[in-house]
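# Summary of structural features
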Amino acid sequence: MDKRDTVAVLPCPQYERAAVGETVERLLGLLPRDGRLGPHSRVTVKPNLLMKRAPNATTTTHPEVVCAVICWLKQQGVRHITIADSPGGPYTKQALMAIYRASGMERVAAETGAVLNLDLGSREIKSAGSGLVGSFTVIEPLCPREKDSGCDYIVDICKLKTHCMTTLSGAVKNMFGSIPGLLKPRMHYRYPQVEDFAGMLVDLCQTVTPHLVVVDAIETMEGDGPSSGDKRQLGLLLAGASPFAVDVALCRLAGFAPEQVPTVRLAAARGLCGDDIEVVGQPQLLCDRQLKLPRSASVDFTGRLPGFLRPVAGKVLTALFAPRPRIDVRRCIGCGKCAESCPPQTIRLVPSSRGRGKEVAVIGRKDCIRCYCCHEMCPVSAISVSKNLLTRH
Ligand code: SF4
Ligand code: SF4
């Protein structure tokens, strides 16, 4: 077994600074020492900062976990640490600052001396994956180091959540935030079928590969994640050197078969992980917690089709069976975030019957590719994803 396939797991019941700090230190001490870390390293930590939400909403990586990882890096002698992510929506300084503030990252940076990324630059990186994608546009702090930019070490600090499109959001899915702002919906548009989208995510993770993964599974999200699900306390922290092996462990914890999670299934098919991970720390804690699946789960048929049939048959099957996003107009505040993130731009804001000047969002059903970006980005959970009559059971 590759030493990268070791996953460490330890209990940590709550986000209390001393407890999280001590657990992260013990957790990372269980993994083989990484000689690449030192005073000359440029490290980028990549939390999940999906949207402007407070830490207790369970949508973003908790700041105490990020703080503990940065403190551990400093103990290893690292001096240059940047916190970076490209959240959903536009990639602007104003949007980043608002999210850093709401998610608690601004405070973490002030307390630890880490740098909050405000560099909006990006680079084109040749894909090191399967060939499905030729190259990726990647935000500068997650690009390979070049003098005073980029980094030579990436720490993926993900949040365990369920996900309407990819079933599970863990180490691999978190790296989608290396693509700048509104280029992300374009990837959804280019790869509308779940199987292809997951293949793109695995390619991306093979290209922008974290050297270390830490999972915030103290409070997780189950059901209609990644932003409208329910909070679920698991009281765990996990870590590993391989994002693919970590996701196998997260499947085990969530109670999902690896075949149910397309990124895990495809990574296994590419030989990037297997079921034989070595679990250290308190392995008995890595047991099936039966996280609630998203309501959209289990309706991807395209993965079972031969590649040449997918573009046409996948479209037909998606139109027939994939759940549709639905807007609850009573909840909608007309903010337009769904329209901004909709890859085929099929959402319009129209005048609301609730008063002059008020608007609500409306989905143009014909062009909807069922990517659920709108559901993911709605700040007030006004968009639900419900199965159609054929797939309801
Ligand atoms: S309406 Fe929602 S699910 Fe449909 S394409 Fe737009 S963002 Fe994706
Ligand atoms: S559905 Fe949600 S994201 Fe879209 S306009 Fe309404 S409140 Fe905003």
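Cut-off values and rules
Residues numbered from 1 in each chain as written. Chains lettered and ligands numbered in written order. Predicted model: local features only at pLDDT ≥ 70, side-chain atom pairs only at ≥ 80, totals over all residues. Heavy atoms only, no water. UniProt positions renumbered as here; feature names shortened; annotations may be inferred. Helix = DSSP H or I, 4+ residues; strand = E, 2+ residues; numbered from the N terminus. Rg over C-alpha atoms; globule rule 2.2 N^0.38 Å. Buried < 20%, exposed > 50% of the residue type's maximum accessible area, 1.4 Å probe, protein only. Areas by Shrake-Rupley, 256 points an atom, 1.4 Å probe, with all protein chains shown as cover. Lys, Arg positive; Asp, Glu negative; His and termini not counted. Charge placed at Lys NZ, Arg CZ, Asp CG, Glu CD. Salt bridge = Lys/Arg side-chain N within 4 Å of Asp/Glu carboxyl O. Near = heavy atom within 4 Å. Nonpolar A, V, L, I, M, F, W, Y, C, P; charged D, E, K, R; others polar. Phe/Tyr/Trp six-rings, centres within 6.5 Å; stacked < 30°, edge-to-face > 60°.

You'll find the chain entered in an unreviewed UniProt entry as Ferredoxin, with uncultured Anaerotruncus sp given as the organism. In UniProt, the chain has this text filed under Function (unreviewed entry): "Ferredoxins are iron-sulfur proteins that transfer electrons in a wide variety of metabolic reactions."

What follows deals with the overall build of the chain. Each helix and strand in the chain was counted, giving 12 helices and 15 strands. Since a compact globule built from 393 residues should have a radius of gyration of about 21 Å, the 20 Å found for the chain is in line with a globular shape. With respect to the three principal axes, the spread of C-alpha positions in the chain is 55 × 45 × 40 Å. Classification of the 393 residues of the chain by burial places 58% in the buried group. Element-wise, carbon and sulfur atoms account for 53% of the exposed surface of the chain, whose accessible area totals about 16,100 Å². Averaged over its 50 positive side-chain charges, the chain has a centre that lies 7 Å from the centre of its 37 negative ones.

If charged atoms from side chains of opposite charge come close, those side chains can pair. Across all of its chains, the model carries 21 salt bridges by this definition. Note that Lys46 is salt-bridged to Asp85, the shortest N-O span being 2.8 Å. With Lys46 in strand 2 (residues 42-47) and Asp85 in the loop between strand 3 (80-83) and helix 3 (93-103), this pair connects stretches of sequence that are 39 residues apart. The shortest N-O distance in the salt bridge between Glu111 and Arg107 comes to 3.5 Å. Of this pair, Glu111 and Arg107 both sit in helix 4 (residues 105-112), 4 residues apart, which is roughly one turn of that helix. Judged by its relative accessible area of 42%, Glu111 is partly exposed.

Now for the site of ligand 1. Near ligand 1 lie 14 residues; those nearest to it are Cys342, Cys368, Cys371, Tyr372 and Cys374. Residue classes in the shell around ligand 1 are distributed as 12 nonpolar, 1 polar and 1 charged.

One pass over the full model with this rule turns up 1 aromatic pair. Taken together, a centroid distance of 5.4 Å and an interplanar angle of 85° make the contact between Phe176 and Phe197 edge-to-face. Of this pair, Phe176 sits in the loop between helix 5 (171-174) and helix 6 (183-190) while Phe197 is found in helix 7 (residues 194-207), placing the two residues 21 residues apart along the sequence.

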